[in-house]
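One letter stands for each residue in the lines below.
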Amino acid sequence: MTRTPTRILTLFACAVLLLAGCSGGGDGADDGRITLRFQSLAWQDESVKANRELVREWNAGHPDVRVEYVQGSWDSVHDQLLTSFEGGEAPDIIHDASDDLADFAYGGYLADLTELLPARLKSDIPERSWETVTFGDGIYGVPFLQEPRVLIANATLLKESGVRIPTPEHPWTWPEFRQVTKELSGDGTYGVAWPLKEPVSATLNLSLSTGGKLFHRGADGKVTVRFETGDQVVPRTVHDQVDTDHSASPTTLGSGGSDTLPGFFAGKYAMVPLGFSYRQQIEQQAPEGFDWQVLPAPAGSDGLAQGVSPQTLSIAEDSPHKKEAAAFVDFLLQPDNMVRLALGDWMLPTGEQALKDPALHTDEHGWATGTALAEHLRPAPAQSVRGYAEWKDKVATPALQEYYSGAIGMDELRHRLEEDGNLVLARYQR
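Report follows, based on the coordinates.

What counts and what doesn't
- Residues numbered from 1 in each chain as written.
- Predicted model: local features only at pLDDT ≥ 70, side-chain atom pairs only at ≥ 80, totals over all residues.
- Heavy atoms only, no water.
- Axes fitted to C-alpha atoms, helices over the stretch in contact; angles between N-to-C directions.
- Helix = DSSP H or I, 4+ residues; strand = E, 2+ residues; numbered from the N terminus.
- Parallel < 35°, antiparallel > 145°, perpendicular 65-115°, else oblique.
- Contact = heavy atoms within 4.5 Å.
- Pairing = 2+ DSSP bridges.
- Salt bridge = Lys/Arg side-chain N within 4 Å of Asp/Glu carboxyl O.
- Buried < 20%, exposed > 50% of the residue type's maximum accessible area, 1.4 Å probe, protein only.

**A closer look at the packing of helix α17 (residues 388–404) against helix α18 (residues 410–426)**
Here's step 1: Two elements in contact, α17 and α18, have axes separated by 10 Å at closest approach and are oriented at 170°. In terms of orientation, α17 lies roughly antiparallel with respect to α18. Of α18, the residues touching α17 (which contributes Tyr388, Glu390, Trp391, Val395, Ala396, Pro398, Ala399, Leu400, Glu402 and Tyr403) are Met410, Leu413, Arg416, Leu417, Asp420, Gly421, Val424 and Leu425.

**Some remarks on the sheet that holds strand β7 (residues 149–154)**
Here's step 1: Strand order in this open sheet of three strands is β10-β7-β11, and the pairing throughout is antiparallel. For this open sheet the edge positions go to β10 (271–275) and β11 (292–296), each flanked by a neighbour on one side alone. In this sheet, adjacent strand axes meet at a mean angle of 35° when their direction is disregarded.
Here's step 2: Note that β7 and β10 share five bridges and pair antiparallel. Its bridge partner being in β10, Ala153 is matched across the sheet by Met271.
Here's step 3: Along the sheet face, helix α12 (residues 278–285) touches β7, β10 and β11 and points at about 165° away from the line of β11.

**Section: the pattern of salt bridges**
Here's step 1: With the rule as written, the count across this model stands at 13 salt bridges.
Here's step 2: Of the charged contacts, one joins Arg386 and Asp103 as a salt bridge, the two residues approaching to 3.6 Å between their closest N and O atoms. Taken as a pair, Arg386 in the loop between β15 (377–379) and α17 and Asp103 in helix α4 (residues 102–106) lie far apart in primary sequence, 283 residues in all.
Here's step 3: The shortest N-O distance in the salt bridge between Asp291 and Lys159 comes to 3.4 Å. With Asp291 in the loop between α12 and β11 and Lys159 in helix α7 (residues 155–161), this pair connects stretches of sequence that are 132 residues apart.
Here's step 4: Exposure remark for Lys159: the relative accessible area of 60% places this residue in the exposed category.
Here's step 5: Where salt bridges share partners, they join Glu53, Glu57 and Arg340 into one cluster.

**Re the sheet that holds strand β13 (residues 311–315)**
Here's step 1: With respect to topology, six strands assemble into an open sheet ordered β2-β1-β3-β13-β6-β14, the strand pairing being mixed. The open sheet has two free edges, formed respectively by β2 (65–71) and β14 (348–349), since each of these has just one partner strand.
Here's step 2: Here strand β6 (residues 142–146) pairs with β14 via two bridges, running antiparallel. Pairing of Gln146 across the sheet is with Leu348, part of β14.
Here's step 3: Strands β1 (34–40) and β2 of the sheet are contacted by helix α2 (residues 45–61), whose axis makes an angle of about 165° with β2.
Here's step 4: The sheet strands contacting helix α14 (residues 335–345) are β6, β13 and β14, and the helix crosses β6 at an angle near 45°.

Pasting the structure below:
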């Protein structure tokens with residue numbers, strides 16, 4: 001069929017529109033508005049609701065900059081983001097965790113936020129939190145939610161045993177914690193259940209309380225693994241509770257946190273070390289009349305210090321509207337909004353103003369205990385270690401699992417973490 005000049009012009013105009021519609025990265029819409037895509041990893045109903053409400057509030061007050069809510073998943077976020085970065089389809093605003101940012105930051109996929117963030121936000125979040133998102137000379141995320149590891153305890157069993165109840169002001173020491181779990185054991189009950197399906201994060205982060213460091217950076221910037229005395233206290237405690245005292249359940253070592261809850265509710269375990277946000281599941285799932293309470297994790301030579309990898313908000317380097325994306329992040333993390341996000345996720349905000357909110361200082365559901373621990377949270381030991389993911393998966397996880405199960409001893413554990421681990425890290429530091 002012969003095409004007339006008018007038909008050719010019409011087809012050309014349609015092609016132009018199609019090309020414009022296919023471009024990613026939050027380009028302006030046909031009506032001139034900017035559209036930003038915000039990928040959230042919120043998954044609990046309260047958290048999803050809070051995030052969606054805040055997006056609607058932003059859109060109502062900013063008609064020229066519309067934010068589109070995109071639902072992501074913690075289960076696949078790293079691979080999904082890597083694919084979207086390499087394909088040029090990354091969302092403008094990215095919800096992730098600080099321990100997942102290093103390779104993205106060094107790879108040039110994330111925008112340096114140093115000059116994009118307002119002074120208010122920079123000063124409201126403590127420097128120790130900013131350290132978790134600082135790589136080289138740049139800031140590649142805003143840390144906004146964090147959670148300490150705490151002991152969730154069966155309050156009835158604790159009261160009946162007569163053991164001293166720890167507080168943030170007077171916590172148990174690690175030796176005292178071990179003794180308490182022995183006193184709480186018997187008649188079909190273990191003093192503690194350690195859910196260590198993913199043992200590395202729990203072990204490393206709790207070991208900050210005992211002076212553990214594990215990763216040591218030299219003057220040349222290269223990192224080596226040294227499994228020293230302070231690093232050994234926590235794994236030795238867990239091992240001895242399972243293998244020597246029989247005060248910790250051996251069957252939960254390969255379990256996730258949620259897997260321990262039915263046994264906890266049934267009285268099989270007096271305590272379970274869990275992330276602070278697990279309180280929501282416990283409140284929703286506990287049988288009627290079940291009395292539980294939140295206790296601080298044990299303290300060591302460095303007090304209640306423990307490592308944490310905060311949840312973060314980053315901006316894609318490919319986003320053509322970084323200033324607008326930063327403005328949305330600033331809105332999302334206003335103190336009142338940060339409190340809403342924290343309550344929705346049952347976590348703690350990083351912002352100092354938000355942490356003062358009365359809702360976070362109530363005894364109900366252990367909020368006050370968790371908030372008292374915020375000042376003791378430090379960057380997770382592996383925060384800026386390139387090659388950590390491979391070291392964790394190929395070396396540390398199997399070595400710790402075998403140690404906790406009694407298959408290998410402390411000397412072999414140290415050998416594998418150091419010798420095998422340093423071979424892995426060396427490949428990333430040439």
